[in-house]
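Below, each chain spelled out in residue letters.
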Amino acid sequence: MRRMANFTLAGALVLAPLAQAQTDKPAAPAAGQPRLSGQTFEGRPFDPGSLRGKVLLVVFWSTACPVCRDKMGELRANYEGWHGQPFEMVLVNQDRRLQDVQAYEQILALTVPRAQRFPQLWTGQPAYADSFGAQTALPATCIINKNGTVEKTYRGHSARGLGARFADLGLSVVNGWP
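Residues numbered from 1 in each chain as written. Predicted model: local features only at pLDDT ≥ 70, side-chain atom pairs only at ≥ 80, totals over all residues. Heavy atoms only, no water.

Moving on, we come to unusual backbone geometry. Most of the time, phi is negative for any residue but glycine, and the peptide bond is trans. Along the chain, L138 connects to P139 via a cis peptide bond; the corresponding omega equals -5°. Of note, P139 is situated in the loop between strand 6 (129–130) and strand 7 (140–144). (Helix = DSSP H or I, 4+ residues; strand = E, 2+ residues; numbered from the N terminus.)

Below, the structure written as structure tokens:
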């Protein structure tokens, strides 16, 4: 019995640093809350948990998607219009090659005002992780409410009713979003 107690104590001493290391990691999202993490193109870590109390719009897109590129102007105008409200938007680029999205970003840096640029993640980045699953119809748009849970997901071309959904979540509708 004494031998077992010594073994248990020794095991606890060996495992204690591992347990401490695990507590240093960000907490896993609560049930019903999506996981989305990575590093933005600006090099900042992205953690939606830090946005609790804000509505988060997550837009999955690709530079190869004409509809996605076409909607960017509207997204930028709304992003600027919602500035100062409890709102954040993040784009998740699904290009296979980093060079494709980097070329697009270089054009944006020259042509789009800073106030209309928003955080962007790339799914090919080693640190990227999400719990949304494969997005086969682009653009795909997900609204996460102020409590951090998924409110609504739209897939494909149209996100009709998005402005009304935002109004229900306490945001003013800007720029006539449908």
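Among the secondary structure elements, G73 is positioned in helix 2 (residues 66–81). When the C-alpha positions of G73 and V112 are compared, they lie 9.3 Å apart, and in sequence the two are 39 residues distant.

Turning to the state of the cysteines, a few remarks are in order. Enumeration over the complete set of coordinates arrives at one disulfide. Each disulfide pairs two cysteine sulfurs, and for C65 the partner residue is C68, the sulfurs being separated by 2.5 Å. Its S-S torsion of approximately 80° makes the covalent link between C65 and C68 right-handed. A relative accessible area of 2% places C68 in the buried class. (Disulfide = S-S within 2.5 Å. Buried < 20%, exposed > 50% of the residue type's maximum accessible area, 1.4 Å probe, protein only.)

Right, let's talk about the packing of aromatic side chains for a bit. For the structure shown, the criterion picks out four aromatic pairs. Between F60 and F132 the ring centres are 5.3 Å apart and the planes differ by 70°, which places this aromatic pair in the edge-to-face class. Note that F60 is positioned in strand 3 (residues 55–61) and F132 in the loop between strand 6 and strand 7, a separation of 72 residues in sequence. With a centroid separation of 5.1 Å and 80° between ring planes, the pair formed by Y79 and F118 is classed as edge-to-face. One end of the pair, Y79, is in helix 2; the other, F118, is in the loop between helix 3 (98–111) and strand 5 (120–122), and 39 residues separate them in sequence. Of the two residues, Y79 and F118, both sit in the buried class. (Phe/Tyr/Trp six-rings, centres within 6.5 Å; stacked < 30°, edge-to-face > 60°.)

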